[in-house]
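# Fold and geometry: a report
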Amino acid sequence: MKCHLFPASLFLLSLLAVGQETKPSQPVVRVVRCGTLIHPGSGQVQHNVLITVEGERVRQVQENSNASSPAQFIDLSDHTCLPGLIDAHTHVLLQGDITAEDYDQQLLKQSVAYRTILATQAVRRALENGFTTIRDVETEGAGYADVDLKKAINRGIIPGPRMQVATRAMDVTGAYPLQGYAPDVPVPHGVQLVDGPDNARKAVREQISFGADWIKVYSDRSYFVRPDGVLDDIPTFTMDELRAIVDEAHRQHRRVASHAMALNGVHNSVEAGVDSIEHGNYITDADIKTMVKKNIYYVPTIYVGEYVAEGRAAAGAKVWLDMIKIHEETFRRALNGGVKIVFGTDVGGFDWKVNEAVEFPYMVKYGMTPLQAVRSATTTAAELLNMSDDLGDIAPGKYADMVAVKGDPLNDIRLLQQIDFVMKGGEVVKNQKGI
């Protein structure tokens with residue numbers, strides 16, 4: 001009897017298991033009522049809006065709706081809602097580097113494991129500050145740790161924003177820290193060193209194979225102001241090297257971000273056809289026109305320049321103080337010239353305890369309207385990341401990423417440093433004061 005019943009019981013259990021595996025799980029439905037909803041792309045503002053979220057996506061947006069729902073309900077009727085914010089220039093593996101010593105200590109005295117532990121705090125801070133998506137533009141000597149952070153977030157192991165990552169970044173021999181050590185003392189570098197077009201192509205392929213979404217290059221160094229006020233530099237890569245990097249990245253459907261702060265770095269990057277200029281403290285009018293023509297984005301990272309200027313000037317690099325005014329003038333010319341400007345902070349270059357939304361008032365100070373500044377961190381940033389179908393607005397079919405503040409950020413942009421509510425992919429990750 002036992003011999004016959006045992007297989008039968010296993011058969012029944014297997015049927016039950018199959019039934020459990022095939023039974024579809026129902027997505028959680030949440031309904032959010034927003035007093036005001038801003039659509040940054042169009043500038044449209046709606047009032048008394050009911051947003052139905054099913055799973056990780058927005059299902060419906062209804063204006064002036066009094067409909068009720070048995071689903072989970074979130075009342076933000078006294079708040080202004082916006083799409084989740086995007087920071088397109090972060091360094092989650094870096095914890096501030098005003099001086100060379102700050103940077104050297106992290107690479108020489110902290111293990112990659114320890115830096116990655118700190119990075120888990122950084123990504124959580126970014127998310128709680130309302131940045132539901134970030135583009136992290138290199139690990140500063142921490143290898144491919146950003147790829148693992150991205151995986152851990154995607155798998156729900158740690159909280160954090162969606163990430164696009166650039167892994168190791170690239171520069172040429174002799175151009176990037178660590179520098180100044182004895183020739184017979186081997187030290188780590190904050191980038192992958194590449195020399196020559198073939199080596200550059202190989203590095204692109206390697207980084208992509210290990211998970212790079214973007215390729216990052218450092219296109220200039222050693223900044224100085226000429227008598228005519230132009231911010232000059234020493235370019236790093238040759239044009240053949242830069243073109244090889246861009247060609248190989250684009251061939252594999254990856255985009256290229258170029259750290260380019262001054263005359264030659266920007267010009268060479270634009271001519272090579274990169275996809276974004278990072279920092280861009282000085283850009284000629286001719287290069288601004290080419291950026292518009294080639295649809296090259298500008299990620300200015302204003303606040304970090306002011307944050308590090310005093311410390312670097314005290315260490316002997318007065319040019320960082322001069323660069324502040326030059327940067328403002330360039331920003332205004334780029335804005336008026338029609339360049340697509342994207343919000344990016346370079347946080348990690350400054351302390352992660354500083355809310356990176358501090359960048360917004362600087363963008364307004366430099367000439368943007370509050371709506372333009374919000375757009376730079378939503379719709380335009382989503383374009384840069386090639387994610388416009390998923391991000392940048394609260395609309396049916398897009399990810400249910402949203403933030404909420406009291407008051408009107410289109411009247412006072414500083415309110416974005418006081419976000420009360422954050423939702424990422426339909427999940428509430430911040431909910432202050434029992435909203």
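This text gives an overview of the structure that appears in the document. (Residues numbered from 1 in each chain as written. Predicted model: local features only at pLDDT ≥ 70, side-chain atom pairs only at ≥ 80, totals over all residues. Heavy atoms only, no water.)

Turning our eyes to something else, we now look at the side chain of Asp401. Within the secondary structure, Asp401 is located in the loop between helix H13 (379–384) and strand S16 (402–405). In this structure Asp401 comes out as buried when scored by relative accessible area, which is 4%. Side-chain polar atoms of Asp401 contact the side chain of Arg162, separated by 2.5 Å. (Helix = DSSP H or I, 4+ residues; strand = E, 2+ residues; numbered from the N terminus. Buried < 20%, exposed > 50% of the residue type's maximum accessible area, 1.4 Å probe, protein only. Polar contact = N/O pair within 3.5 Å; in protein donor to acceptor, adjacent residues only side chain to side chain.)

For the rest of this paragraph, the subject is the pattern of salt bridges. Scanning all chains against the criterion turns up 22 salt bridges. In this structure, the salt-bridge partner of Arg59 is Glu54, at a minimum N-O distance of 3.0 Å. We classify Glu54 as partly exposed; its relative accessible area is 31%. (Salt bridge = Lys/Arg side-chain N within 4 Å of Asp/Glu carboxyl O.)

Further remarks concern helix H3 (residues 112–128). Compared with the 24 Å implied by 1.5 Å per residue over 17 residues, the 24 Å span of H3 between its first and last C-alpha is a close match. Within H3, burial applies to Arg115, Leu118, Ala119, Ala122, Val123, Ala126 and Leu127. Within two residues after H3, Gly130 carries a phi angle of roughly 105°, on the positive side. (Expected span 1.5 Å × (residues − 1).)

Pairing of strand S11 (residues 220–225) with strand S12 (residues 231–235) involves four bridges; the strand directions are antiparallel. The residue of S12 that forms the bridge with Phe224 is Asp232. (Pairing = 2+ DSSP bridges.)

This next bit is on helix H4 (residues 145–154). Counting buried residues in H4 gives seven out of 10 residues, a clear majority hidden from the surface. Within the sequence span of H4, burial applies to Ala145, Asp146, Val147, Leu149, Lys150, Ala152 and Ile153. Here the buried face of H4 lies against H3, strand S6 (131–136), strand S7 (162–165) and strand S17 (421–424). Note on H4: the residue one or two positions beyond its end, Gly156, has a positive phi of about 75°. (Contact = heavy atoms within 4.5 Å.)

At a minimum axis distance of 8 Å, the contact between helix H5 (residues 197–209) and helix H6 (residues 239–251) shows a crossing angle of 30°. Considering their axes alone, H5 and H6 lie roughly parallel with respect to each other. For the pair H5 and H6, the sense of crossing is right-handed. Touching Pro197, Ala200, Arg201, Val204 and Arg205 of H5 are Asp240, Glu241, Ala244, Ile245, Asp247, Glu248, Ala249 and Arg251, all from H6. Classifying every residue of the contact of H5 with H6 by side-chain character gives six nonpolar, no polar and seven charged. (Axes fitted to C-alpha atoms, helices over the stretch in contact; angles between N-to-C directions. Parallel < 35°, antiparallel > 145°, perpendicular 65-115°, else oblique. Left-handed = near helix turned anticlockwise from the far one by under 90°. Nonpolar A, V, L, I, M, F, W, Y, C, P; charged D, E, K, R; others polar.)

Glancing now at the packing of aromatic side chains. Inspection of every chain in the model, using the stated rule, returns 12 aromatic pairs. A centroid spacing of 5.8 Å and a plane angle of 45° characterise the contact between Tyr303 and Tyr307, whose relative ring orientation is tilted. Of this pair, Tyr303 and Tyr307 both sit in helix H9 (residues 302–314), separated by four residues, roughly a single helical turn. For Tyr303, a relative accessible area of 12% translates into the label buried. Owing to a relative accessible area of 27%, Tyr307 belongs among the partly exposed residues under this scheme. The ring of Tyr399 carries Arg57 above its face, with NZ or CZ at 4.0 Å from the centroid. Its guanidinium or amino end placed over the ring of Trp320, Arg312 lies 4.5 Å from that ring's centre, counting from NZ or CZ. (Phe/Tyr/Trp six-rings, centres within 6.5 Å; stacked < 30°, edge-to-face > 60°. Lys NZ or Arg CZ within 6 Å of the ring centre and 35° of its normal.)

Spatially, S5-S6-S7 is the arrangement adopted by the three strands of the open sheet, whose pairing is parallel. Both outer strands of the open sheet, strand S5 (85–90) and S7, are each paired with one neighbouring strand and no more. Each adjacent strand pair in this sheet contributes to an overall mean axis angle of 15°, direction not counted. Pairing of S6 with S7, which is carried by four bridges, proceeds in the parallel orientation. Its bridge partner being in S7, Ile134 is matched across the sheet by Met163. In this fold H4 packs onto S6 and S7, with an angle of close to 160° to the strand it touches most, S7.

On their own, these measurements won't tell you what the molecule is for.
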